[in-house]
Amino acid sequence: MLWQRWNRQAKIGLWVITLIGIVAALPLGLQRMTMEDSANTVEYAFDYRDLIEVAEHQANPREFLDEQLGLLKEAGVNTMAVYESTLKELSQAGRLTYYNEKDAALLQGKLPSERVNYTYILFAGEEEEEKVGKVVREALDRSGVTYRDWSFGDRKGMVVEQALTAVHLKTMDFDPMSLEKLREKGFHILARFSDRVVPYDAERTSAQLAMLKDYGVTRLLFDGEKSKGASDQGALGSLDSFGTLLNDYGIGLTAIENLKKPQQGIHKLAYLTDYNVVRVYSLSPEDSIEMTREGIADRFLLAAKDRNIRMFFLNTMLQSSMDTGKLNHSADKLAMVMGGEDGVIAQLEEAGFPHGIAQPFESVNASWEKPVRAVVALGAIAIITLLVAAFLPALAIPVFLLGLVGSAGLYVLNSSLMEQALALGAAVSGPTLAMIWVMNRIYARTIGNRRMVGGETWKVGGASYEGEPRTQWVFPDVPAGKRIVTALSWFIVGTLITLSAVPLVFGLLHNITYSLVLEQFRGVSVLFFAPLFLVAFYVFLYEGSDGHGVVKRAIGILSRPITLLMVVGAIVIGAIGFYYISRSGNAGQVSSIELLIRGWLESTFGVRPRFKEFMLGHPPLLLGLFLAIRYRAAWVLIIVGTMGQLSMVSTFTHLHTPLYISTIRTLLGLGAGILIGLVCIGAWILLEGAWRRWVQPHIRKPSA
């Protein structure tokens, strides 16, 4: 008895510790909001390689290229992305032409040699031979390939003693003539580095960065699955070397949005450069052709506002049409869409995102953060312990102590993993504890309105079986107004308990790596399903039992025969679960009606609440609380309504979304959900009144 009393008293202390952790997290949230507001300038970059490829198929490639560059510059596209070169790209840019053995022999009016299969290169002019020839020779020297001078007519070139297919694979330095051309036209340059040249050469890389710095380059975007230096980090410490060089030249990084996994090595480079990183969203070539101006503007605005995107990367492609007999591309369309008074760039500027050169967010690690985050971690351990104690009341004290020791040990091994584990535990605990509190209030209100009746009787194989005596609920006739007030009060208190988890989550995961999506909140699927399962588990086995008789109740449920009603219920629940899964995560399927509602909400409020909250979660919960005062089966709606509660916490686990946006989204969802819930309650009251007045009196009662 003494131990039980200690555990009951410990719950009060745990709620106090949780509250202290919540208060401690608030200054961390304010600091995050300051960071998120420190860089609003948006940069628009165009893929110069795409433009070169489109120009190659035009009647006058150079004239077309100059025209498109002028249109894009006038529209507000201020940056061109330039890649490390290949022989093919230098040919497309008009710097050189190349031939295999057979084509070179045909060019010279000779028969091809049967003994060799060399590559023949001719430069377009003296300037190309001087500037681009240096780039080609350096790449061949690095690969150990033999070459010699060659000429044809008045054009200089070289013979490379390697097959053309092999020379095609050589990664060369940036085309200096393209860099000069773009700088003359006033474009900022985004350099696209790769990790295809191995082993890593610090001296050569330093020379590359020095050249790029002279052309005004301030940021790199990696091409491929790896960051520069990732392949040789183990043997040469190449990432450390490259990170030092980036700092020496004042060059930052760009992280690509929506990759299945981050480019290898970028996390370490981000750390080494003090997170001088900007996130970029890429508009695919297909979307650039098919999407309308309004569609692109909506997508870009959502990315800038909701996902902290500060650079947009524009692509184009060549598309052949048999119907029109023409080659189509989207370069001029993009120039028209982006520019003008009602263009995409103007719309984003009006929304508070001026165009220019993207800057990294300013993140300050104050000396007080570490002890404050320790207090937040203590609050998370406390709320997790409260959840465990809801099912195992006698273990509150040992679970809390075990949580302290385990968290301390995990912090030593991997502090990031410890913080993410506690954040997930807190996120699950908040909505689950809220619904348990609600169910306990319902039980406390109806406990005096129950009576014992005989057990159910059922037949199996001709034999009759009678179950144990059971509790039957007897509900008083409570006025509708009082039921509404009670339901609203339960809903509000439950919501506050749910939201207690939110500061603990953003307080624990207070790091710019989450804003840049270099790290993410782990356990989204667990958060989607654990509260639903735990609340249902509590309703069936724990409600009103204080942990006693759980095993007996479970055996009783498992011993019941399966009825048709149970099968139908399982099918309905399975269908709801399937829809819930399809709506969850980044790959969730969204109906056309919901897309229409989303668009209206976005245009009306500027921030759209989550559909799972204001339609699928809050209204069923509010209606369920209203009905629970009179109807036992209302627990079904309460379990369904748990979706809205866990979704509110889930909103704040999108750590790349500005904190104020998540707050507004949640408040809008609550407001809309309460209004829709009240409408549902009003409709129920009308239907219930109609049933009692016109239907129920005509139902014939069985004779005695």
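A few points on the structure. Bear in mind that the values here come from a model prediction, so they are computed numbers and not experimental data. (Residues numbered from 1 in each chain as written. Predicted model: local features only at pLDDT ≥ 70, side-chain atom pairs only at ≥ 80, totals over all residues. Heavy atoms only, no water.)

Quick look at the overall build of the chain
Here's step 1: What the chain contains, in helices and strands, is 30 helices and 17 strands.
Here's step 2: Looking at the chain as a whole, 47% of its 704 residues qualify as buried.
Here's step 3: For the chain, long-range pairs separated by at least 24 residues make up 76% of all intrachain contacts whose partners lie at least 6 apart in sequence.
Here's step 4: As displayed, the chain has an accessible area near 34,500 Å², and 60% of this comes from carbon and sulfur atoms. (Helix = DSSP H or I, 4+ residues; strand = E, 2+ residues; numbered from the N terminus. Buried < 20%, exposed > 50% of the residue type's maximum accessible area, 1.4 Å probe, protein only. Contact = heavy atoms within 4.5 Å. Areas by Shrake-Rupley, 256 points an atom, 1.4 Å probe, with all protein chains shown as cover.)

A short note on a nonpolar patch on the surface
Here's step 1: Side chains of Ile12, Val16, Ile20 and Val375 sit close together on the surface and give an oily, nonpolar patch of about 340 Å² of accessible area.
Here's step 2: Take Ile20: it is sitting in helix H1 (residues 2-36). (Patch = residues over 30% accessible without salt bridge, like charges linked within 9 Å, V, L, I, M, F, W, Y side chains within 5 Å. Salt bridge = Lys/Arg side-chain N within 4 Å of Asp/Glu carboxyl O.)

What to know about the packing of aromatic side chains
Here's step 1: Enumeration according to the criterion identifies 12 aromatic pairs in this entry.
Here's step 2: With a centroid separation of 5.9 Å and an interplanar angle of 20 degrees, the aromatic rings of Tyr44 and Phe312 are classed as stacked. With Tyr44 in strand E1 (residues 43-47) and Phe312 in strand E11 (residues 311-314), the pair connects residues that are 268 residues apart, well separated along the chain.
Here's step 3: We classify Tyr44 as buried; its relative accessible area is 0%.
Here's step 4: We classify Phe312 as buried; its relative accessible area is 0%.
Here's step 5: Taken together, the aromatic side chains of Tyr44, Tyr281, Phe300 and Phe312 make up a single cluster linked through ring pairs.
Here's step 6: Of note, Lys73 hangs over the ring of Phe187, and the distance from its end group to the ring centre comes to 5.4 Å.
Here's step 7: Here the basic side chain of Arg483 rests over the ring of Phe626, its NZ or CZ set 4.1 Å away from the ring centre. (Phe/Tyr/Trp six-rings, centres within 6.5 Å; stacked < 30°, edge-to-face > 60°. Lys NZ or Arg CZ within 6 Å of the ring centre and 35° of its normal.)

Brief notes about the side chain of Glu43
Here's step 1: Tracing the chain through its elements places Glu43 in strand E1.
Here's step 2: No salt bridge forms around the buried Glu43; measuring N to O, its nearest opposite-charge neighbour Arg219 is 5.4 Å away.
Here's step 3: A distance of 2.5 Å separates the side chain of Glu43 from the side chain of Thr79, its partner in a polar contact.
Here's step 4: Among the polar contacts made by the side chain of Glu43, one reaches the main-chain amide nitrogen of Ala358 at a distance of 3.0 Å. (Lys, Arg positive; Asp, Glu negative; His and termini not counted. Polar contact = N/O pair within 3.5 Å; in protein donor to acceptor, adjacent residues only side chain to side chain.)

Concerning the sheet that holds strand E4 (residues 119-123)
Here's step 1: Reading across from one edge, E3-E4-E6-E5 is the order of the four strands in this open sheet, with antiparallel pairing throughout. Since the sheet does not close on itself, it has two edges, and those belong to strand E3 (96-99) and strand E5 (147-152), each with one partner. Neighbour-to-neighbour, the strand axes of this sheet turn through a mean angle of 25 degrees, independent of strand direction.
Here's step 2: The pairing of E3 with E4 spans four bridges and is classified as antiparallel. If you follow Tyr99 over to E4, its bridge partner there is Tyr120. (Pairing = 2+ DSSP bridges. Axes fitted to C-alpha atoms, helices over the stretch in contact; angles between N-to-C directions.)

Overview of the environment of Glu126
Here's step 1: When you line up the elements, Glu126 lands in helix H6 (residues 126-143).
Here's step 2: A residue is classified by how much of its surface remains accessible, and Glu126, at 68% relative accessible area, is exposed.
Here's step 3: Through-space distance from the C-alpha of Glu126 to that of Asp154 is 9.9 Å; in sequence the pair is 28 residues apart.

Observations regarding unusual backbone geometry
Here's step 1: Of note, the phi angle at Tyr275 is positive, near 60 degrees, even though the residue is not glycine.
Here's step 2: Its location among the elements puts Tyr275 in the loop between helix H12 (266-272) and strand E10 (277-283).
Here's step 3: On the basis of relative accessibility, which here comes to 16%, the residue Tyr275 falls in the buried class.
Here's step 4: Unusually for a residue other than glycine, Val517 sits at a positive phi of about 60 degrees.
Here's step 5: With respect to the helices, strands and loops of the structure, Val517 is situated in the loop between helix H22 (512-515) and helix H23 (524-541).

Considerations on the nonpolar core
Here's step 1: Grouped together as the largest cluster of nonpolar side chains are 71 residues, with contacts concentrated most on Ile442, Phe521, Leu625 and Ile638.
Here's step 2: Residue contributions to this core peak at 14 residues, all from helix H19 (residues 415-446).
Here's step 3: Beyond its immediate stretch of four places on either side in the chain, Leu625 contacts Val438, Ile442, Ala487, Trp490, Phe491 and Ile638.
Here's step 4: Counting residues in hydrophobic clusters, the runner-up holds 69 residues, among them Ala75, Phe174, Ala255 and Leu348. (Core = buried A, V, L, I, M, F, W, Y, C linked by side-chain atoms within 4.5 Å.)

Section: the packing of helix H20 (residues 480-499) against helix H29 (residues 635-652)
Here's step 1: Where H20 meets H29, the axes come as close as 10 Å, and the angle between the chain directions of the two elements is 35 degrees. The handedness of the crossing between H20 and H29 comes out as right-handed. Mapping the contact onto sequence places Phe491, Gly494, Thr495, Thr498 and Leu499 in H20 and Gln645, Met648 and Val649 in H29.
Here's step 2: Grouping the constituent residues of the contact of H20 with H29 by class yields four nonpolar, four polar and no charged. (Left-handed = near helix turned anticlockwise from the far one by under 90°. Nonpolar A, V, L, I, M, F, W, Y, C, P; charged D, E, K, R; others polar.)

Quick look at helix H5 (residues 101-108)
Here's step 1: Restricting attention to buried positions, one finds in H5 the residues Glu101, Ala104 and Ala105. For H5, the arc enclosing every buried residue in end-on projection is 100 degrees, short of the 170-degree limit, so these residues lie on one face. With respect to the buried face of H5, the exposed residues turned more than 90 degrees away are Lys102 and Leu106.
Here's step 2: Buried positions along H5 lie against E3 and E4.
Here's step 3: Positive phi appears at Gly109, one or two residues downstream of H5, with a value of about 70 degrees. (Arc of directions from axis to C-beta.)

Some details on the packing of helix H28 (residues 618-628) against helix H30 (residues 659-695)
Here's step 1: Orientation of H28 relative to H30, taken along the N-to-C sense of each, is 45 degrees, at an axis distance of 7 Å. Taken together, H28 and H30 sit at an angle that is classed as oblique. Of the two possible hands of crossing, H28 and H30 adopt the one that is right-handed. Here His618, Pro619, Leu622, Leu623, Phe626 and Leu627 of H28 lie close against H30, whose contacting residues are Gly669, Leu670, Gly673, Ile674, Ile676, Gly677, Leu678, Cys680, Ile681, Trp684 and Ile685. (Parallel < 35°, antiparallel > 145°, perpendicular 65-115°, else oblique.)

What to know about the pattern of salt bridges
Side chains that carry opposite charge are capable of pairing whenever their charged atoms lie near each other.
Here's step 1: Following the criterion strictly, the structure yields 20 salt bridges and no others.
Here's step 2: Here Glu180 ties to Lys131 by a salt bridge, and the two come within 3.1 Å at their closest N and O atoms. Here Glu180, found in helix H8 (residues 176-184), pairs with Lys131, found in helix H6; they are 49 residues apart in sequence, far enough to count as distant.
Here's step 3: Residue Lys131 is classed as partly exposed on the basis of its relative accessible area of 24%.
Here's step 4: Its salt-bridge partner being Asp287, residue Arg299 comes within 2.8 Å of it at the nearest N-O pair. Residue Arg299 is found in helix H14 (residues 293-306), and its partner Asp287 is found in helix H13 (residues 285-290); the two are separated by 12 residues along the sequence.
Here's step 5: Via salt bridges that share partners, Asp66, Lys181 and Lys185 belong to a single interconnected network.

Things to note about the side chain of Thr495
Here's step 1: Locating Thr495 in the fold gives a position in helix H20.
Here's step 2: On the basis of relative accessible area, Thr495 is assigned to the buried category, the value being 5%.
Here's step 3: Engagement of the side chain of Thr495 in a polar contact is seen with the backbone oxygen of Phe491, the distance being 2.8 Å.
Here's step 4: Here Thr495 is in contact with Gln645, Met648 and Leu670, once residues within four sequence places are set aside.

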